[in-house]
Each structure stands twice: as C-alpha cells, then as structure tokens.
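# Structure assessment
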Amino acid sequence: MSRDEVRGAIANLDSTASKVRLPAWFDEVSWDKLDYLGWRDPRAPMCAYLVTDIDGTASDVMLRQSPSRAELGGRAVMCSLCHFMRRFNEVALFSAPRRSADKRQRLSTLGILVCTDLDCVTKVHSAPLLGPFDPPVDEIIQARREGLRVRTVSFLRSVSSTPRTVRGRG
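Scope of this entry: the structure provided in the associated data block. (Residues numbered from 1 in each chain as written. Predicted model: local features only at pLDDT ≥ 70, side-chain atom pairs only at ≥ 80, totals over all residues. Heavy atoms only, no water.)

## Quick notes on the side chain of Asp41
As a reminder of what qualifies: What counts as a helix is a DSSP run of H or I of at least four residues, what counts as a strand is a run of E of at least two, and both are numbered from the N terminus. Three labels apply to residues, based on accessible area from a 1.4 Å probe with only protein chains included: buried if under 20% of the type maximum, exposed if over 50%, partly exposed otherwise in between. Under the rule applied, a polar contact is a pair of N or O atoms within 3.5 Å (in protein, one hydrogen donor and one hydrogen acceptor; residues adjacent in sequence only if both atoms are side-chain atoms). Residue contacts are counted whenever heavy atoms from the two residues lie within 4.5 Å of one another.
With respect to the helices and strands, Asp41 occurs in strand S1 (residues 37–41). Note on Asp41: relative accessible area 3%, which makes it buried. A polar side-chain atom of Asp41 sits 2.8 Å from a polar atom in the side chain of Arg21. The residues contacting Asp41, other than those within four sequence positions of it, are Arg21, Cys47 and Tyr49.

## Looking at the pattern of salt bridges
Worth spelling out the cut-off: Salt-bridge detection follows one rule: a side-chain nitrogen of Lys or Arg within 4 Å of a carboxyl oxygen of Asp or Glu.
Under the counting rule described, the total for this entry stands at seven salt bridges. Between Arg21 and Asp41 there is a salt bridge whose closest N-O contact spans 2.8 Å. With a gap of 20 residues between them, Arg21 in the loop between helix H1 (3–8) and S1 and Asp41 in strand S1 connect regions that are remote in the sequence. A salt bridge links Asp119 to Arg86, with the shortest nitrogen-to-oxygen separation between them at 4.0 Å.

## Notes on the pairing of strand S6 (residues 91–97)
As a reminder, the rule being used: When DSSP finds two or more bridges between a pair of strands, those strands are recorded as paired.
One ladder, built from two bridges, connects strand S3 (residues 57–65) with S6; its direction is antiparallel. Along S6, the bridge assignment pairs Arg64 with Ser95. Taken together, the seven bridges between S6 and strand S7 (residues 109–115) define a ladder with antiparallel strand orientation. When the bridges of S7 are listed, Pro97 appears paired with Thr109.

Quick look at the structure:
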C-alpha cells in the first residue's frame, strides 16, 4: 500500500483533523507478512491509527486513547484484537469516532481495548509454551493470526459502517 492509499482510506477522519503523520519506517513495511499496521502519531501521543488490507483495498481508522485509571493497578486486561492478557497499563481503551451526516450521530463512537504499544502482531507471532497434547507451533501461530485478522477486519468494518438512526422521543 502506498502512503496516499493509507491516508485516503481513513474512515473516520473529519475535515478539521490535521494531516495524518505516517511512521518513518512506513516504506519498509512488508504488507504480505503483516496482519495489520498500528502506530501512534508522534505529535499527538493519544492519537493512534490502525490500517489493514481488506479485499485488496486499504482500510484505516483513527483511534483516541482514553486516560488510564491508576486504581485498576492490580488488574489484568485482555486485548480485544490479539486476545493476550496484559497488565492494566499495557492495554488501553481506544475510541473510534464514527462519521455521520446526521448531527445527532456525531458523538457516536466505538470503543475497543487494545495493547497500548499496538504490537499485537509481534505477540501473535511469538512461540507459545507447548504442553504434551498441544498442536504444533506453526498451527497455533496460524490460528492466532487468523483470529487477529478476523477481529481487526470486523472492528474496522464496524467503524466505517453507517450507525443506526437516532429516534426522537415522542
């Protein structure tokens, strides 16, 4: 995917947002080996982007990280994409605003718990500890990759889909 394809594919970027800053290593990305690409905006650390290839076209969303809550310090949280359990400060709630022509829908957002460093891909590719009855490592990694891909595509499609209409009271 080219830089222009990725920038043009952001489903929830409004016209008031600034220019999308791609990571410096973007041109070195090997898309055939990557399940998705996630990065943080270096000038806006609470802003992140998630992009993947869906049916031959780029699909991308902008995410905003919610502040972490220190009172949850002893808890473990599971990432919604990679399904790995992490410490509370290693997984954060990200929100993805949904685009809508209807002004009543402008506050419609979807939330997702994602690893704060957006490195689910490296966790999925890591070799697991095997028990005596576990399948081979290659099968486990392939199943993890497929799961990550399905969950990522599902989330990206749900952000870009049209939200339900708001019904007035009365």
